[in-house]
Amino acid sequence: MIRSKIAGVGMYVPKDVYTNNDLTRYMDTNDEWIQERTGIKERRYAKRLEETTTTMAIEAATIAIERAGITPQDIDFIIFATLSPDYYFPGCGVLVQREMKMKEVGALDIRNQCSGFLYALSVADQFIKGGMYKNILVIGSEKHSFGLDFSTRGRNISVIFGDGAGAVVLQPASKHEQGILSTHLHSDGEHAEVLAMYNPGTHGNHWANGQAVANFDDVEMGQAFMSHDMIDMAQNFPNMDGQTVFKKAVVKMPEVVMEALNANSLTTSDIDLLIPHQANLRISQMVQKILRLPDEKVFNNIQKYGNTTAASIPIALCEAWEQGKIKEGNLICLTSFGSGFTWASALIRW
Ligand code: COA
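Thresholds, definitions, all that
- Residues numbered from 1 in each chain as written.
- Predicted model: local features only at pLDDT ≥ 70, side-chain atom pairs only at ≥ 80, totals over all residues.
- Heavy atoms only, no water.
- Helix = DSSP H or I, 4+ residues; strand = E, 2+ residues; numbered from the N terminus.
- Rg over C-alpha atoms; globule rule 2.2 N^0.38 Å.
- Buried < 20%, exposed > 50% of the residue type's maximum accessible area, 1.4 Å probe, protein only.
- Contact = heavy atoms within 4.5 Å.
- Areas by Shrake-Rupley, 256 points an atom, 1.4 Å probe, with all protein chains shown as cover.
- Patch = residues over 30% accessible without salt bridge, like charges linked within 9 Å, V, L, I, M, F, W, Y side chains within 5 Å.
- Salt bridge = Lys/Arg side-chain N within 4 Å of Asp/Glu carboxyl O.
- Phe/Tyr/Trp six-rings, centres within 6.5 Å; stacked < 30°, edge-to-face > 60°.

Student: I'm lost on the overall build of the protein in this one. Help?
Tutor: Within the protein, the secondary structure is distributed over 11 helices and 15 strands. For the protein, whose C-alpha radius of gyration is 20 Å, the value lies close to the compact-globule estimate of 20 Å for 350 residues. Its C-alpha atoms put the protein at 60 × 45 × 35 Å along the principal axes. Out of the 350 residues belonging to the protein, those deemed buried represent 54%. When contacts within the protein are restricted to residue pairs at least 6 apart in sequence, those whose partners lie at least 24 apart make up 77%. Carbon and sulfur atoms provide 51% of the accessible area of the protein, an area that totals close to 15400 Å².

Student: How should a nonpolar patch on the surface be read in this particular structure?
Tutor: A surface patch of nonpolar side chains, amounting to about 390 Å² of accessible area, comprises Tyr88, Phe89 and Phe225. Structurally, Tyr88 is set in the loop between strand 4 (77-81) and helix 4 (92-99).

Student: I'm lost on the packing of aromatic side chains in this one. Help?
Tutor: Aromatic rings considered in pairs are described by the distance between their centres and by the relative angle of their planes. Summed over all chains, the structure comprises 8 aromatic pairs. With centroids separated by 5.2 Å and ring planes inclined at 70°, the aromatic side chains of Phe127 and Tyr133 adopt a geometry described as edge-to-face. Among the aromatic residues, those joined into a cluster by ring pairs are Tyr18, Tyr26, Tyr45 and Phe150.

Student: In this structure, what is going on with the pattern of salt bridges? I would like to understand it.
Tutor: Should the charged atoms of two oppositely charged side chains come close, the side chains can pair. Under the definition given, this model contains 10 salt bridges. Linking Asp22 and Arg25 is a salt bridge whose minimum nitrogen-to-oxygen distance equals 3.5 Å. Judged by its relative accessible area of 58%, Arg25 is exposed. With a closest N to O distance of 3.2 Å, Asp125 and Lys129 form a salt bridge. Of this pair, Asp125 and Lys129 both sit in helix 5 (residues 116-129), 4 residues apart, roughly one helical turn. For Asp125, a relative accessible area of 0% translates into the label buried.

Student: What am I meant to see in the environment of Ile63 here?
Tutor: Relative to the helices and strands, Ile63 is located in helix 3 (residues 53-67). Assessed through its relative accessible area of 29%, Ile63 is described here as partly exposed. Ile63 sits 54 residues away from Val9 along the chain, and the two C-alpha atoms are 6.9 Å apart. Ignoring any residue separated from it by four or fewer positions in sequence, one finds Ile63 in contact with Val9, Gly10 and Met11.

Structure representation (structure tokens):
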């Protein structure tokens, strides 16, 4: 069977660096708390008007396409993962198609938050393996800075996230032993509200800490999608019970890595580089410890960029590749966990 391979990888992060100390201008926080709990030292924020989730994606995609040795007109399918789209609808995929002057190819938008890139990669992999497409552009991009609560009320979440984009081009592999060996996708909706942005939405509830505490049935017809009350109650910002997320992530990420290894009759000692979703450095360190991997086999860059959700894995993959940490023949393992909850892994023979 034909396998798919990553033929080109690219990334883009905005120029503007915000250190932990910079955040103290907006909220009651401090460098020590943030570094101790998350490992993050700084993150990038997009220019407020000039840069969007799509413009950052195009920067990353341009590099990935060039490195794959093709042009935007060769792309025959687009898959775009983000939780911070330019518009509520349509998704960003069609904007990439338009701005990069691509042919009238299909564009699919993926909503799986921190697992978005791996879900997207898995879908692309099936299309290549099935022979339907030859050059698929897979993107993860986020502009979190536009939608975070920068007051003290939102500090447990806003300090974690950053902006950026990563992209890969998937093509059929020419060498038999090369390419994506397998992908593994999971979900458990029991904790859907534990890490969520509740509004705008059609459920009509006010949520707090994962519990519905009131509804908006007194709001006028047509106003309930996004009312002033919802804004007063900070419903337009992400909400997170961080400890529940942490506890689940450190179980599910090692589990899905082992699932991938077992499916390919490999062991942890076969991994050359593990690239975990950059949720929190403490989560990555715990996953590393459980899998008993040495430091040089785990790649982290959350210290510089924060958690960029769907963009974190392709950004880390790109940076690791640019630093010469990924070489032909290496076994690369990607794994993610996030809102949903969803979690995933991919094993790649580079
Ligand atoms: N700066 C300073 N103090 C803060 C703060 C901040 N940015 N955010 C919260 N605090 C305070 C809280 O108000 C609380 O104070 P109190 O004890 O006086 O009430 C205290 O710190 C502890 O808050 P808590 O939320 O219990 O902290 P925690 O130890 O759970 O750490 C996280 C919070 C978010 C860092 C941690 O839960 C975590 O990393 N979870 C995983 C989150 C994650 O990875 N999300 C992305 C998923 S893809």
